[in-house]
Each structure stands twice: as structure tokens, then as C-alpha cells.
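# Fold and geometry: a report
Here is how the chains run, residue by residue.
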Amino acid sequence: MLFLRTAALTCRGLTALRCLPAGCSASRSTATYIQGQSPEPRIREYFYYIDHQGQLFLDDTKVKNFVTCFKDIKFLVFFFSRLRSNQSGRYEEDFPFLSLCGRERNFVRCDDRPVVFTHLLQSPAGEPELLSYCGGAEKLSAPFRPEALYMHPVSGRVYHPCSERGGRVGLVRSALAIELSPYFVYASENGQSGQPTHFIWGGKRQTLTNELAGCFPTAEETSGQQD
């Protein structure tokens, strides 16, 4: 993976915003590191950031956009297939996720969630559609479960289940959420000011399970964190 990175490995004093559920305010803390640092023999450490579009960057990249993000599919599949919760004892607060690559430790923080669904892929007849995430096309994907879509009541962002290793909850990129928005059905008395109750897909009206609601803090907890 080393050859895919930029050559500049300079010391950064980073103000890192912790990866927290939507609707929460995160406290900022400073994590100091050197890209490529070696805390012990033959071990290298690198630091990454995932934005709300599912784009992956070296964390200390100053200008983060499509030009500067990683786009090589093989690298992205390799990186995200090894993503898990950071329980290494290092940088756990500021970089809650970790992708291990041999002797490399790749610490990851994110704007919202590390798994960001970006495209809905059509599948052969009789098979479920796939939600692709983080630039990996069908190699990074999960079966689309329309009834499990969840619209956060505070942020309005849309989420969909993902693997346990990816944090259980994946963010649906805003462009894809807009494409799906006409299929949400709302209670008539609330118009579109409340949360949707159903989703129409494949000619079927499906009741939204809201099974992801428990993965987010309550309004009271969110208010307490913002005080």
C-alpha cells in the first residue's frame, strides 16, 4: 500500500473530529502523529479520513476533494475489507477505526460513518439489488434492504445497515439519498416534516422497520452533549 500514498510524510499536529453518530456534536482533541511513523520495529502507522461522500484521504491532506482522494479500486477494496473497530490501544479516541495491512496500521476517522453507500447496483433478475460503498463497486457492497432505510430525525441523513465490522450502520451519500427520496411515504398528518413510515420499492409498499434507530443517541442525549 505504500506506493499508493503521497511521498510527503511530515509531522502534523492534528485537530481530529471524532467519528460520531449524526445529530451529535463531537469534542475536538489533538492527536499528534507522523505519517509512516514506526512506534516499534518493522511497524508503520498511517492516518486516514473518510468524508460524508465516502471518499478516502490521507488525514493530513490539506485540500480534500475528488482530485486528492484515493480512487484505485483494488486499493479501496483491500483497505475497506480490513476495516474494523480500533481496539489497538492507540489513537482509539481520535481514530475509532483501523485497517490492518500486514505490518501497517492504518488508523481511520470519519465525518459521519466509515461505510458510505454511494451507488445502487442492479442485479440479475431474481437477485436483490446491491448498495455499493466507498468506491469499491460490486466488490464493496451489501444487499439493498429498502425496509431498513432510516432517516435521522435531526440531521435528515439516510442510513442503511452494514456489517458489524463496518459499525453496523452505513451512511447513504446525499446524492443517492436524493434519488431514493421520492419513494419515501410520510404520515398524512405530518406531510414531509416528520419521519417517513413506508418506502415504495419494486411496486411494493414496505413498512420501515426503523431498526437502526437504536444505534443513535436519543434527543435528550444529543442535547446533553451539545450543552
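Before reading further, recall that the structure is shown in the block above.
Residues numbered from 1 in each chain as written. Predicted model: local features only at pLDDT ≥ 70, side-chain atom pairs only at ≥ 80, totals over all residues. Heavy atoms only, no water.

## Comments concerning the overall build of the chain
Stated precisely, the cut-off is as follows: Counting from the N terminus, the helices are the DSSP runs of H or I reaching at least four residues and the strands are the DSSP runs of E reaching at least two. A simple rule labels every residue: compare its accessible area, found with a 1.4 Å probe on the protein chains alone, to the largest value its type can have, and call it buried under 20%, exposed over 50%, or partly exposed in between. The contact criterion used is simple: two residues touch if any of their non-hydrogen atoms lie within 4.5 Å. Per-residue and other accessible areas follow the Shrake-Rupley method at a 1.4 Å probe size, with only the shown protein chains counted as cover for residues.
Secondary structure assignment for the chain yields three helices and 16 strands. In the chain, which comprises 227 residues, the proportion classed as buried is 45%. Intrachain contacts of the chain at a sequence separation of at least 6 include 51% that bridge at least 24 residues. Carbon and sulfur atoms make up 52% of the accessible area of the chain, which totals about 11800 Å².

## Observations concerning the sheet that holds strand S10 (residues 141-143)
We count it as follows: What makes two strands pair is DSSP finding at least two bridges between them.
The strand order across the open sheet formed by six strands is S10-S9-S8-S13-S12-S11, and the pairing between neighbours is mixed. Here the strands that pair on one side only, and so sit at the sheet edges, are S10 and strand S11 (150-151). Two elements, strand S9 (residues 130-133) and S10, share three bridges in a ladder whose sense is antiparallel. Within S10, the position partnered with Leu130 by the bridge is Pro143.

## Regarding helix H1 (residues 73-81)
An α-helix turns once per 3.6 residues; consequently, residues spaced three or four apart project the same way. Which entries qualify depends on this criterion: Nitrogen and oxygen atoms within 3.5 Å of one another constitute a polar contact, given that in protein one can donate a hydrogen and the other can accept it, and given that sequence-neighbouring residues count only through two side-chain atoms.
Along H1, the positions that sit buried rather than exposed are Phe75, Leu76, Val77, Phe79 and Phe80. Tucked into the core, H1 has its buried residues touching strand S3 (44-50), strand S4 (56-58), strand S5 (83-85), strand S6 (97-101), strand S7 (104-110) and S9. Capping of H1 at its N-terminal end is provided by Asp72; its side-chain oxygen lies 3.3 Å from the backbone amide nitrogen of Lys74.

## Digging into the packing of aromatic side chains
Here is the rule we go by: Centre distance within 6.5 Å is the pairing criterion for rings of Phe, Tyr and Trp, where only the six-membered ring of Trp is used; planes under 30 degrees apart are then read as stacked, over 60 as edge-to-face, and the remainder as tilted. Distance and angle both matter: a charge sits over a ring if NZ of Lys or CZ of Arg is within 6 Å of the ring centre and within 35 degrees of the ring normal.
Per the counting criterion, the structure on display carries 20 aromatic pairs. Taken together, the ring pairs connect Tyr33, Phe47, Tyr91, Phe95 and Phe107 into an aromatic cluster. Note that Lys71 overlies the ring of Phe66, its terminal NZ or CZ placed 4.9 Å from the centroid. When the ring centre of Phe78 is taken as origin, the NZ or CZ atom of Arg82, which lies over that ring, is 3.6 Å away.

## A short note on the nonpolar core
Keep this limit in mind: In this text, buried Ala, Val, Leu, Ile, Met, Phe, Trp, Tyr and Cys residues form a nonpolar core when linked through side-chain atoms within 4.5 Å.
In this structure, Tyr48, Leu56, Phe80, Leu149, Phe184 and Phe199 are the most contacted members of the largest nonpolar core, which totals 43 residues. Counting residues in hydrophobic clusters, the runner-up holds seven residues, among them Ala31, Tyr33, Phe95 and Leu98.

## Some words on the environment of Tyr33
Looking at the secondary structure, you find Tyr33 in strand S2 (residues 28-34). Through-space distance from the C-alpha of Tyr33 to that of Phe47 is 8.3 Å; in sequence the pair is 14 residues apart.

## So, the sheet that holds S4
Put simply, the rule reads: Only the contacting stretch of a helix is used when fitting its axis, a line to C-alpha atoms as for every element, and angles between N-to-C directions run 0 to 180 degrees.
Strand order across the open sheet formed by five strands is S4-S3-S7-S6-S5, with mixed pairing between neighbours. Each of the sheet's edge strands pairs with one partner strand only, and the pair in question is S4 and S5. Within this sheet the neighbouring strands show an average axis-to-axis angle of 35 degrees, counted without direction. Alignment of S3 against S4, held across three bridges, turns out to be antiparallel. Considered in S4, the bridge of Tyr48 is made with Leu58.

## Overview of the side chain of Ser99
Along the chain, Ser99 falls in strand S6. Overall, Ser99 belongs to the buried group, its relative accessible area being 1%. At 2.7 Å, the side chain of Ser99 and the backbone oxygen of Phe79 are in polar contact. Here Ser99 is in contact with Phe79, Arg82, Leu83, Glu104, Arg105 and Asn106, once residues within four sequence places are set aside.

## Topic: the pairing of strand S16 (residues 204-207)
Note: strand S15 (residues 196-201) against S16, four bridges, orientation antiparallel. Directly across from Phe199, in S16, lies its bridge partner Gln206.

## Some points on the pattern of salt bridges
Let me state the cut-off plainly: Whenever Lys or Arg places a side-chain nitrogen within 4 Å of a carboxyl oxygen from Asp or Glu, that contact is recorded as a salt bridge.
The tally for this structure, following the rule as stated, stands at ten salt bridges. With a shortest N-O distance of 3.2 Å, Glu147 and Arg145 are connected by a salt bridge. The class of Arg145 is partly exposed, set by a relative accessible area of 32%. Where Glu211 meets Arg145, a salt bridge forms, and the shortest distance between an N and an O atom there is 3.0 Å. In this pair, Glu211 sits in the loop between S16 and helix H3 (219-226) while Arg145 sits in the loop between S10 and S11, placing the two residues 66 residues apart along the sequence.

In short, the description is geometric, and any link to function would need to be established separately.
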